[in-house]
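The residues making up each chain are set out below.
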Amino acid sequence: MAESFGADAERYDRARPRYPDALVNRIVAASPGPDVLDVGCGTGIEARQFQSANRKVLGVDPDARMAEFARRSGVEVEVATFEDWDPAGRVFDAVVAGQAWHWVDPVVGAPKAAQVLRPDGLLAVFAHVFEPPSAVADAFAAVYRRVVPDSPFNVQSTRNGVDLYQAMFAKFADGIREVGGFGEPEQWRFDWEQSYTRDEWLDLLPTTGGLTKLPPDKLTQVLEGVGATIDKIGGGFTMPYTTLMVTAARTRAT
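Notes on the structure follow. Residue numbering note: each chain is counted from 1, following its sequence as written. Per-residue local features of the predicted model are confined to residues with pLDDT of at least 70, and side-chain atom pairs are confined, for both listing and counting, to 80 or more; whole-chain, interface and lining totals are unaffected and use all residues. The side-chain figures draw on all heavy atoms in the structure; neither hydrogens nor water molecules are used.

Here's the deal with the pairing of strand β2 (residues 56-61)
With five of six residues buried, β2 is to be regarded as a mostly interior element. With the strands aimed away from the viewer, a crossover counts as right-handed if its path from the first strand over the helix to the second runs clockwise. Secondary structure is summarised from DSSP: a helix means a run of H or I of at least four residues, a strand means a run of E of at least two, and numbering begins at the N terminus for each. Chirality of the crossover, the property in question, places the unit of strand β1 (residues 35-39), helix α3 (residues 45-52) and β2 among those that are right-handed. Pairing between two strands requires that DSSP report at least two bridges joining them. Where β2 and strand β3 (residues 76-79) come together, four bridges link them in parallel fashion. Opposite L58, over in β3, you have E76 as the bridge partner. Here's how the labels work: a residue is buried when its accessible area is under 20% of the maximum for its type, exposed when over 50%, partly exposed in between, all with a 1.4 Å probe on protein chains only.

Some words on the packing of helix α6 (residues 134-147) against helix α9 (residues 216-232)
The axes are straight lines fitted to the C-alpha atoms, using for helices just the contacting stretch, and the angles between their N-to-C directions are given from 0 to 180°. Interhelical geometry of α6 versus α9 gives an angle of 155° and a closest axis separation of 9 Å. In this view, α6 runs roughly antiparallel relative to α9, as classed from their interaxial angle. In terms of crossing hand, the pair formed by α6 and α9 is right-handed. From α6, A135, V136, A139, F140, V143, Y144, R146 and V147 reach across to α9, where they touch K218, Q221, V222, G225, V226, T229 and I230. Here the residues of the contact of α6 with α9 sort into 10 nonpolar, three polar and two charged. Convention used here: angles under 35 degrees read as roughly parallel, angles over 145 as roughly antiparallel, angles from 65 to 115 as roughly perpendicular, and any remaining angle as oblique. Should the near helix be turned anticlockwise from the far one by less than a right angle, the crossing is left-handed, and should it be turned clockwise, the crossing is right-handed. Working rule for contacts: check all heavy atoms of both residues, and any pair within 4.5 Å makes them a contact. Each residue is assigned to one class: nonpolar for Ala, Val, Leu, Ile, Met, Phe, Trp, Tyr, Cys and Pro, charged for Asp, Glu, Lys and Arg, and polar for all the others, Gly among them.

With respect to the packing of aromatic side chains
Pairing of aromatic rings covers Phe, Tyr and the six-membered ring of Trp, with a centre-to-centre limit of 6.5 Å; geometry is then stacked below 30 degrees between planes, edge-to-face above 60, and tilted otherwise. One pass over the full model with this rule turns up 12 aromatic pairs. Between Y19 and F126, the aromatic rings sit 5.0 Å apart at their centres with planes inclined by 80°, giving edge-to-face as the arrangement. Note that Y19 is positioned in the loop between α1 (9-15) and α2 (21-30) and F126 in strand β5 (residues 117-130), a separation of 107 residues in sequence. Aromatic side chains F82 and W85 sit 6.3 Å apart centroid to centroid with 20° between the ring planes, which places their arrangement in the stacked category. No difference in accessibility class separates F82 from W85, as the two residues are buried. Counting every residue linked through ring pairs, the aromatic cluster contains F130, W192, Y196, W201, F237 and Y241. Note on criteria: charge over ring means Lys NZ or Arg CZ within 6 Å of the ring centre, with the direction from the centre no more than 35 degrees off the ring normal. Above the ring of W188, the side-chain terminus of R26 is found at 3.8 Å from the ring centroid.

Below is the structure:
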């Protein structure tokens, strides 16, 4: 699944939301220097945001299609999983991962980040949580269950998305603590909103995990069902986003 998002890298880059400027600014302010390693950089969304903040970014991504798009947008990328990537003695002031840390082996990820960080360097992992209006979410769940009844994805969960992600990020923090070599992890939260037209939301949906590998005919059915509901509620909506982040600074050797 981690390597399925490159099926339409152009759509992914166009439709996926950027990260709050406040998040980028806090990472920049907390890092001891300009060198950033972007783990699972994808098409370079967050990498370009850090470049705009005068950071020097190297991306690592397992999907050659995503990496090629990022290169065309001006991001240097090496194709590999983070677990298998060879740092070749290079070290960085920050290791970041946007929408990607859950794909990294938790036994390997934090120790490798510690290995490539300079003293006081920052590990920062972050992800968006979004919850469409109930009418849109319910329409998606209904049509998805009808079109893909044997899917392993649970689209019926009633748990709050933020709660699910907070539990996941608490595990990230625990993993960082267990490794050693880092200070106490901090959890940051950024709340914001973004408006979507019908077409904008239907452009984003195929970039999400449950839809990236659907056959075209089934994908069309899902999008038509969701689109009809958005039409009924006025052709668009404003969606609240929460971006969660866990950070920890590399401690100095004693």
